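In case you want the letters, here they are:
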Amino acid sequence: MSDVADRVKKIVVEHLGVDEAKVTEEASFIDDLGADSLDTVELVMAFEEEFGCEIPDDAAEKIQTVKDAIDFIQKSAA
Amino acid sequence: MGLVTPLGSGVERTWQRLIAGQSGIVGIEHFDVSDLPAKIAGVVPQGPSSEGGFTADEWVSTKDQRKMDRFILYAIAAATQAVENSGVSPQSDEERERIGVMIGSGIGGLETIYHGSITLKEQGPRRITPFFIPAALINLASGHVSIKYGFKGPNHAPVTACSTGAHAIGDAARLIMFGDADVMVAGGAEAAVSRIGIAGFSAARALSTGYNDTPERGSRPWDEGRDGFVMGEGAGIVVLEEYEHAKQRGATIYAELIGYGMSGDAYHITAPAEDGNGGFRAMRNALRNAKISVDQIDYVNAHGTSTPLGDEIELGAVKRLFGDHAGKIAMSSTKSAIGHLLGAAGSVEAIFCIMAMRDGIVPPTLNLENPSPTCAGVDLVPIKAKEKKVRVALSNSFGFGGTNASLIFTAAS
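Calculation criteria
Residues numbered from 1 in each chain as written. Chains lettered and ligands numbered in written order. Predicted model: local features only at pLDDT ≥ 70, side-chain atom pairs only at ≥ 80, totals over all residues. Heavy atoms only, no water. Helix = DSSP H or I, 4+ residues; strand = E, 2+ residues; numbered from the N terminus. Rg over C-alpha atoms; globule rule 2.2 N^0.38 Å. Buried < 20%, exposed > 50% of the residue type's maximum accessible area, 1.4 Å probe, protein only. Contact = heavy atoms within 4.5 Å. Areas by Shrake-Rupley, 256 points an atom, 1.4 Å probe, with all protein chains shown as cover. Lys, Arg positive; Asp, Glu negative; His and termini not counted. Charge placed at Lys NZ, Arg CZ, Asp CG, Glu CD. Salt bridge = Lys/Arg side-chain N within 4 Å of Asp/Glu carboxyl O. Core = buried A, V, L, I, M, F, W, Y, C linked by side-chain atoms within 4.5 Å. Pairing = 2+ DSSP bridges. Axes fitted to C-alpha atoms, helices over the stretch in contact; angles between N-to-C directions. Phe/Tyr/Trp six-rings, centres within 6.5 Å; stacked < 30°, edge-to-face > 60°. Buried area = accessible area lost by both parts, 1.4 Å probe. Polar contact = N/O pair within 3.5 Å; in protein donor to acceptor, adjacent residues only side chain to side chain.

Q: Summarise the overall build of chain A; cite the residues concerned and give the values.
A: A tally of regular secondary structure across chain A gives 4 helices and 0 strands. Each helix and strand of chain A, placed in order from N terminus to C terminus, yields the pattern α-α-α-α. Here the C-alpha radius of gyration of chain A, 11 Å, is about what a compact globule of 78 residues would show, namely 12 Å. In terms of overall dimensions, chain A has a C-alpha envelope of 30 × 25 × 20 Å along the principal axes. Evaluated residue by residue, chain A yields a buried proportion of 44% over its 78 residues. Considering only contacts in chain A between residues 6 or more positions apart, those separated by 24 or more positions represent 52%. Of the roughly 4,500 Å² that chain A leaves accessible, carbon and sulfur atoms contribute 48%. Between the centroid of the 7 positive side chains of chain A and the centroid of its 21 negative side chains there is a distance of 5 Å.

Q: With reference to specific residues and values, describe the pattern of salt bridges.
A: Enumeration over the complete set of coordinates arrives at 29 salt bridges over all chains. R127(B) is the salt-bridge partner of E48(A), the closest N and O atoms lying 3.3 Å from each other. Placement of E48(A) in helix α2 (residues 37-51) and of R127(B) in the loop between α5 (110-123) and α6 (132-136) is noted, with the two residues assigned to different chains. Accessibility assignment for this pair places E48(A) and R127(B) in one class, buried. Residues participating in the shared-partner salt-bridge network are E48(A), E49(A), E54(A), R126(B) and R127(B).

Q: Which residues make up the nonpolar core, and what values go with them?
A: Residues and elements named next belong to chain B. The biggest cluster of nonpolar side chains holds 45 residues, and the ones touching the most others in it are I169, L240, Y299 and F409. Taken together, the elements giving at least two residues each to this core come down to α1 (11-19), α8 (164-177), β7 (183-190), β8 (234-241), α13 (335-338), α14 (345-359) and β15 (403-411). A per-element tally of this core places α14 first, with 10 residues. Apart from the residues lying within four places of it in its own chain, the contact partners of Y299 are A330, M331, S332, T334, C353, A356, V362, P363, V390, V392, A393 and L394. Of all hydrophobic cores here, the second largest spans 33 residues; its members include F71, V83, V101 and V185.

Q: Hey, could you go over the sheet that holds strand β1 (residues 2-5) of chain B for me, with residue numbers and the actual values?
A: Residue and element names in this part refer to chain B. In space, the 6 strands of this open sheet follow the order β2-β1-β8-β7-β5-β6, with mixed pairing throughout. Each edge of the sheet is formed by a strand with only one pairing partner; in this case those strands are β2 (8-9) and β6 (155-156). Both strand β5 (residues 99-104) and β7 contribute to a ladder of 6 bridges, which runs parallel. For V101, the partnering residue across the bridge sits in β7 and is V185. Relative to the sheet, α1 contacts β1 and β2, its axis offset from that of β1 by approximately 55°. On the sheet, helix α3 (residues 70-86) packs against β1, β2, β5, β7 and β8 and is oriented at approximately 35° with respect to β8.

Q: So, the sheet that holds strand β10 (residues 299-301) of chain B: which residues are in play, and what are the values?
A: Residues and elements named next belong to chain B. Ordered by their spatial adjacency, 5 strands build an open sheet running β9-β15-β14-β10-β11, and the pairing between neighbours is mixed. The strands lining the two open edges of the sheet, one partner per strand, are β9 (255-264) and β11 (330-332). Across the sheet, the axes of successive neighbouring strands diverge by a mean angle of 15°, strand direction being ignored. Pairing of strand β14 (residues 392-399) with β15 involves 8 bridges; the strand directions are antiparallel. Bridge pairing in β15 places S395 opposite L407. Where α14 meets the sheet, its contacts fall on β9, β10, β14 and β15, and the angle it forms with β14 comes to roughly 165°.

Q: Can you tell me about unusual backbone geometry, naming the residues and giving the values?
A: Residue and element names in this part refer to chain B. Notably, K291 is not glycine yet its phi reads approximately 55°, a positive angle. Relative to the elements of secondary structure, K291 occurs in the loop between α11 (277-290) and β10. With relative accessibility at 75%, the residue K291 sits in the exposed group. Look at I383: it is not a glycine, yet its phi comes out positive at around 65°. Inspection of the secondary structure puts I383 in the loop between β12 (361-362) and β13 (386-387). On the accessibility criterion, I383 (38% relative accessible area) is partly exposed.

Q: Residue-level account of the side chain of E111(B), with values.
A: Position of E111(B) relative to the elements: it lies in helix α5. Setting aside its immediate chain neighbours within four residues, E111(B) contacts D69(B), R70(B) and S194(B).

Q: So what about the packing of aromatic side chains? Which residues, and what values?
A: Residues and elements named next belong to chain B. Taken as a whole and assessed by the stated rule, the structure comprises 6 aromatic pairs over all chains. Measuring from ring centre to ring centre gives 5.2 Å for F54 and Y74, while their planes differ by 75°; the resulting arrangement is edge-to-face. Of this pair, F54 sits in the loop between β4 (40-42) and α2 (62-65) while Y74 sits in helix α3; the two residues are 20 residues apart in sequence, bridging distant segments of the chain. For F54, a relative accessible area of 2% corresponds to the buried category. One aromatic cluster is present, built from ring pairs that chain together F201, F229 and F400.

Q: Any details on the interface of chain A and chain B? Residues and values, ideally.
A: At the interface, 15 residues of chain A touch 9 residues of chain B. Of the roughly 1,100 Å² buried where chain A meets chain B, counting both sides, 44% is carbon and sulfur surface. At the junction of chain A with chain B, the criterion picks out 6 salt bridges. The salt bridge partner of R126(B) is E48(A), with a shortest N-O separation of 2.4 Å. Connecting chain A to chain B are 8 residue pairs in polar contact (both at pLDDT 80 or more). The set of elements that each furnish at least two residues to the side of chain A that touches chain B consists of α1 (2-16) and α2 of chain A. Among the elements that take part in the side of chain A that touches chain B, α2(A) stands out by supplying 7 residues, more than any other.

Right, here's the structure in full:
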């Protein structure tokens, strides 16, 4: 569980170039972490690559916070 | 002024190495060249800028580097040097709206397109990054620089192959003359030293292939042993400013752009017109625009790419245009030291002209050991830089498609 969260956070830190401390589970990619719409598309691609899953566009649109991403990945792995 | 070249990052670094007769041409090591006929290039040296090298992290955050091709990185680095060196720092939106950017490139994000194509073929469209298009687009160099500084004036990007850098400076100056802007950040950037770039120019039989074991000897304009150009990469950016505007804010004025001439060959897609008419008319038009005569020119920075055809055609055009005065000018090709920077060549070489005026030193044509017989009568500054008072300098750029541009600079009055 925490493994998924750590990996998600690591990707967010790398891709958005933000401080690790800012990447809380409640943090919104766009509102809190300075991402734009293209950044979020790339983030979703990075999650797909890291976890070997496919995130369809309609699901991707709903992934707006770090927690959204962790939840989706854990559910799709279950 | 700002420079990123195979001789280093920074105007002073590049210039000092250039006039010391050093070469930035090396054997390519950062990608596989085993099956390529040309294995040498002018590569921007990596390293901290305190040591004259280029480090991407010093100019653009790692986050943003993924969103741009290398040619944009070079453009941002050179533009940052130029803007900071110029002291331009607009305080209001009104001022920012009067500052524009015109940075072009010959090819743009070639390597980005190459890698994107491989990803598409091997992994499918879902693996194409959303930054693929903005990373490759030529005008995104201008876009990034405008975003970085908030410059809201004209935002433009010329694409005229190897004349791009010269056209950018000439066209940007005309925007200022026409009243569209007070200040223009202008120049060219290129990063085509890649497998696809070398393969493409090799296929066109444009590159030197006979000096793979002695890279620094590969670019040898006007020399009997020349066998094609050596590709280079980097960027050259200048800040152009309306004269009274610059004077009013107490800016350091390095030079005045007094002439700009253009022409088209209407002849062949890659070869220059054999009679040199295109280059001749570009130079003549620049002289007319400057309202000066040939005998006022002290130095010509030649296009001089080290190809068997082009070098002598250009020299012939200079001899015809300059007549008796051809024996009194110095004319050199700095591509002998840095290679051919394609879309960045014209703006990098314009900066060399300005430095030649500043220091009273004309940079050398390296490797010019056995000049072709037709070279007699013109001082091509072989091997070593020489002291010469340069009051007026002319820079030539000629590109594929038969597109020619000449710029004339005079020392600041």
